[in-house]
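Now for the letters of each chain:
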Amino acid sequence: SSKSCLAKEEEEDKMATVHPAANFNPEAVAQTLRDAMKGFGTNEKKIIQALSSIDTAQRQEVATKFKVMFGKDLIEDLKSELGGNFEDAVLAAMQTPLELDVHSLRKAMKGAGTDEETLIEILASRTNAEIQAIRALYEKEFKRDLEKDLKSETSGKFERILISLVQGARPENPADPAKAKEDAQALYKAGEDKWGTDEGEFHRVLMTSSRDQLRALSQEYEQISKYSLQRVIEKEMSGNLEAAFLAIVGTAVDPASYYAIRLYKSMKGAGTDDATLIRLVVSRSERDMEHIKTAFREKYGKTLAKMISDDCGGDYKKFLLALIGE
């Protein structure tokens, strides 16, 4: 399995739009950033160029070098020099993927109202090891318990799904074809085949299935129904519950489409959900952004770059476009 894991990482590298710089010199990048912020005015173009041409791990090294070389904190300097959405995007890019997840979860629950879609998007798509790390850092950063926060911010069947996910104990085994057949029948009976929907059965089946298993289940389902599993979830459910099951199935079966839809929704209509747009661009740029761009174009008949250009402005726009390799 280590071989397939390596192949997967190489495949992800090819699909990334942000890559580690080959001849990486952290001192030189730190110096460039210092020059861009020193004195009167800020050279945003230099900042965009410097940060979009290195990956997250290298940005961490630059931040360390910056402090050693200048006795100043790079993040604090960026905060004082930049503003608005551009600042938010740059600060997100300066976080590790784990920090970005933890801060996004906290932000989704803080203050009035809860951003349920963000909670489910993050918790449904991370591995068990990642979930354990998220819980630990969340507690360390905020002196709060993630599971308790989720309980107080959500309710009902949606809450139960989040609590299942945040245990970080989902199966991670290869697909079992017999179970996939059995589960497909169970979901057919629990949904399309009855008056009303047995959501508990959907919960049980989806939570006891690894990602590989969900892919097999999805294929089996299409053998017995004229609808895809995702389509059935859309027809049978609504609101947060629908969003939750779609995230669990979508991030396993067709992540590129799932993220393309999330990106589209973050920009369509009046106003932009900048937190989601930034999080997805930053977090997927080192993984599968090329796949997402293709799925986006196929789904919406326009490019992700075009929609970002129409929706965002100034240095914010330029930075996001640089991160998606445009």
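Cut-offs used in this document
- Residues numbered from 1 in each chain as written.
- Predicted model: local features only at pLDDT ≥ 70, side-chain atom pairs only at ≥ 80, totals over all residues.
- Heavy atoms only, no water.
- Helix = DSSP H or I, 4+ residues; strand = E, 2+ residues; numbered from the N terminus.
- Rg over C-alpha atoms; globule rule 2.2 N^0.38 Å.
- Buried < 20%, exposed > 50% of the residue type's maximum accessible area, 1.4 Å probe, protein only.
- Contact = heavy atoms within 4.5 Å.
- Areas by Shrake-Rupley, 256 points an atom, 1.4 Å probe, with all protein chains shown as cover.
- Lys, Arg positive; Asp, Glu negative; His and termini not counted.
- Charge placed at Lys NZ, Arg CZ, Asp CG, Glu CD.
- Axes fitted to C-alpha atoms, helices over the stretch in contact; angles between N-to-C directions.
- Parallel < 35°, antiparallel > 145°, perpendicular 65-115°, else oblique.
- Left-handed = near helix turned anticlockwise from the far one by under 90°.
- Nonpolar A, V, L, I, M, F, W, Y, C, P; charged D, E, K, R; others polar.
- Core = buried A, V, L, I, M, F, W, Y, C linked by side-chain atoms within 4.5 Å.
- Phe/Tyr/Trp six-rings, centres within 6.5 Å; stacked < 30°, edge-to-face > 60°.
- Lys NZ or Arg CZ within 6 Å of the ring centre and 35° of its normal.
- Expected span 1.5 Å × (residues − 1).
- Polar contact = N/O pair within 3.5 Å; in protein donor to acceptor, adjacent residues only side chain to side chain.

What is the right way to look at the overall build of the protein in this model?
On a plain count of helices and strands, the protein comes out with 21 helices and 0 strands. Here the C-alpha atoms of the protein give a radius of gyration of 21 Å, agreeing with the 20 Å that 2.2 N^0.38 yields for 326 residues. Based on the C-alpha atoms only, the size of the protein along its principal axes is roughly 70 × 45 × 40 Å. Within the protein, the fraction of its 326 residues that count as buried is 47%. Considering only contacts in the protein between residues 6 or more positions apart, those separated by 24 or more positions represent 70%. As displayed, the protein has an accessible area near 15800 Å², and 49% of this comes from carbon and sulfur atoms. Across the protein, the 48 positively charged side chains and the 56 negatively charged ones have centroids separated by 1 Å.

Is there a simple way to think about the environment of glycine 325 in this case?
Structurally, glycine 325 is set in the segment after helix H21 (314–323). For glycine 325, a relative accessible area of 48% gives the class partly exposed. Separated by 307 residues in the primary sequence, glycine 325 and valine 18 have C-alpha atoms spaced 7.0 Å apart. Look past the residues within four positions of glycine 325 in its chain and what remains in contact with it is Thr17 and Lys293.

Mind showing me how you'd approach the packing of helix H8 (residues 116–125) against helix H11 (residues 156–166) here?
The relative placement of two packed helices comes down to the angle between their axes together with the axis-to-axis distance. For the pair H8 and H11, interaxial distance at closest approach is 10 Å and the crossing angle is 30°. By the angle class used here, H8 and H11 are roughly parallel. For the element pair H8 and H11, the recorded crossing hand is left-handed. Together, Glu116, Leu119, Ile120, Leu123 and Ala124 of H8 and Phe158, Ile161, Leu162, Leu165 and Val166 of H11 make up the contact between the two elements. Considered class by class, the residues forming the contact of H8 with H11 number 9 nonpolar, no polar and 1 charged.

Mind showing me how you'd approach helix H6 (residues 84–93) here?
For an α-helix, the turn length of 3.6 residues means that residues three or four places apart are oriented alike. With respect to burial, H6 is a largely interior element, 7 of its 10 residues being buried. The set of residues buried in H6 consists of Phe86, Glu87, Ala89, Val90, Leu91, Ala92 and Ala93. Elements in contact with the buried residues of H6: helix H3 (44–52), helix H4 (56–70), helix H5 (74–81), helix H7 (97–109), helix H18 (274–284) and H21.

Would you mind going over the nonpolar core with me for this structure?
Counting residues in each nonpolar core, the largest one holds 93 residues, and the members touching the most others are Leu33 and Ile308. Excluding anything up to four places from it in sequence, leucine 33 contacts Ile47, Ala50, Leu51, Val62, Phe66 and Leu74.

Where do I start with the packing of aromatic side chains in this structure?
Aromatic ring pairs are described here by two measures, namely the spacing of the ring centres and the angle between the planes. A complete count under the given rule lists 9 aromatic pairs for this structure. On the numbers, 5.2 Å between centres and 70° between planes, the contact of tyrosine 138 with phenylalanine 142 is edge-to-face. Within this pair, tyrosine 138 and its partner phenylalanine 142 are both found in helix H9 (residues 128–142), separated by 4 residues, close to a single helical turn. An aromatic cluster is built from Tyr264, Phe296 and Tyr300, whose rings are joined through pairwise contacts. Positioned above the aromatic ring of phenylalanine 70, the side-chain terminus of arginine 34 is 5.7 Å from the ring centre.

Where do I start with H9 in this structure?
Taking 1.5 Å of rise per residue, the 15 residues of H9 would be expected to cover 21 Å, and the 21 Å separating its terminal C-alpha atoms lies within 8% of that figure. All of the buried residues in H9 are Asn128, Ile131, Ile134, Leu137 and Tyr138. Looking at the buried side of H9, the elements it contacts are H7, H8, helix H10 (146–153) and H11. Positive phi shows up at lysine 143, right after H9, with a value of about 50°.

Can you help me understand the side chain of threonine 118 in this one?
Position of threonine 118 among the secondary structure elements: in helix H8. You can call threonine 118 buried: its relative accessible area is 2%. Among the polar contacts made by the side chain of threonine 118, one reaches the side chain of aspartate 115 at a distance of 2.6 Å. For threonine 118, the residues in contact, after removing those within four places along its chain, are Ser104, Ala108, Arg262, Thr276 and Arg279.

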